[in-house]
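Report on the structure
Listed below are the residues making up each chain.
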Amino acid sequence: GFIDEVLSMVDTPLGRQEVFGEVLDDISGLLFSERSFQWWVKARSNDDRFELGPMTVRFDECEWFAIMDVAASDRTANDWTVVSVFAFAPSGHLILVDVVRAKLGEDQHARLAMSLIGRWPLVRSVGVEKSMYSTTVMRDLGRELPKGVALLPLDPNGESKVTRALPAAKLGQEGRLWFPADHPLTKPTKSQDRRSIVDEMLEFPLGKHDDFVDTLG
């Protein structure tokens, strides 16, 4: 309920501002902070394991899924279309495995998704938020996804982007949110037009883009 959502924000910068009335000097990011990011690498002894700090997790122990956030337009000034692949470990750690983003026409969205999903055969479901802009990609993915991969329409039920991002923010505060250390989209950048997903998270919900964060929620 609402009270649980409020309590889950307590340890976040947004919670310090909204729950305790704390005035923050740095308003660039309110929900995620530098401590939200843990970095994984492939275990050196085995390419089919995640190295999560001192912990090693086998790929096949995890629940794999992809989430797609479809942009409303392919205009360069508008949002990105983002596809993220995640693995959820039995220990409760959420691992971002891979991510792609592009500004494309709607007839190319499924191709973008398939280009990423094809790299990771352990993906067992693909979630796409229900909207007037996702009809085409849902149809196309329904035709192209391999047998055994479920296509799931995701209904936000009127919840705000911040509310949907709270579970991921909580994982980040607990040190259970992992990102690929060597991925180009996790490298901070000074470009305002091509912000990394790290920049986007640190600036959320006040930043220009929130497309990757939408796939977290």
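Here, every reference points to the structure presented above.
Procedures and definitions
- Residues numbered from 1 in each chain as written.
- Predicted model: local features only at pLDDT ≥ 70, side-chain atom pairs only at ≥ 80, totals over all residues.
- Heavy atoms only, no water.
- Helix = DSSP H or I, 4+ residues; strand = E, 2+ residues; numbered from the N terminus.
- Buried < 20%, exposed > 50% of the residue type's maximum accessible area, 1.4 Å probe, protein only.
- Expected span 1.5 Å × (residues − 1).
- Bend = angle between axes of the 7 residues up to and from the residue.
- Pairing = 2+ DSSP bridges.
- Axes fitted to C-alpha atoms, helices over the stretch in contact; angles between N-to-C directions.
- Contact = heavy atoms within 4.5 Å.

Moving on: the environment of Val41. You can see Val41 is positioned in strand β1 (residues 38–42). Residue classification places Val41 among the partly exposed residues on the basis of a relative accessible area of 36%. Separated by 11 residues in the primary sequence, Val41 and Leu52 place their C-alpha atoms 7.2 Å from one another.

The first and last C-alpha atoms of helix α5 (residues 161–173) sit 18 Å apart over 13 residues, in line with the 18 Å expected at 1.5 Å per residue. Remark: the principal bend of α5, roughly 35 degrees, maps to Pro167. Along α5, the positions that sit buried rather than exposed are Thr163, Arg164, Ala165, Leu166, Ala168, Ala169, Leu171, Gly172 and Gln173. Where α5 terminates, the next one or two residues include Gly175, which has phi positive at roughly 75 degrees.

Below, the discussion takes up unusual backbone geometry. Residue Phe204 is joined to Pro205 through a cis peptide bond whose omega torsion reads 5 degrees. Positionally, Pro205 belongs in the loop between α6 (197–203) and α7 (211–216). Even without glycine at this site, Asn157 takes up a positive phi of about 55 degrees.

Overall, mixed pairing links the 9 strands, which are arranged β3-β2-β1-β9-β6-β5-β4-β7-β8 in an open sheet. Looking at which strands have only one partner, the edges of the open sheet turn out to be β3 (55–58) and β8 (150–154). Here the average twist between neighbouring strands, direction ignored, is 30 degrees. Of the strand pairs in this sheet, β1 and strand β9 (residues 177–180) are connected by 3 bridges, and their pairing is parallel. Residue pairing across strands places Trp40 opposite Pro180, the latter belonging to β9.

What follows is about the environment of Arg58. Residue placement: Arg58 occurs in strand β3. Arg58 sits 31 residues away from Ala89 along the chain, and the two C-alpha atoms are 8.7 Å apart. If we skip the residues at most four places from it in the chain, Arg58 touches Asp48 and Arg49.

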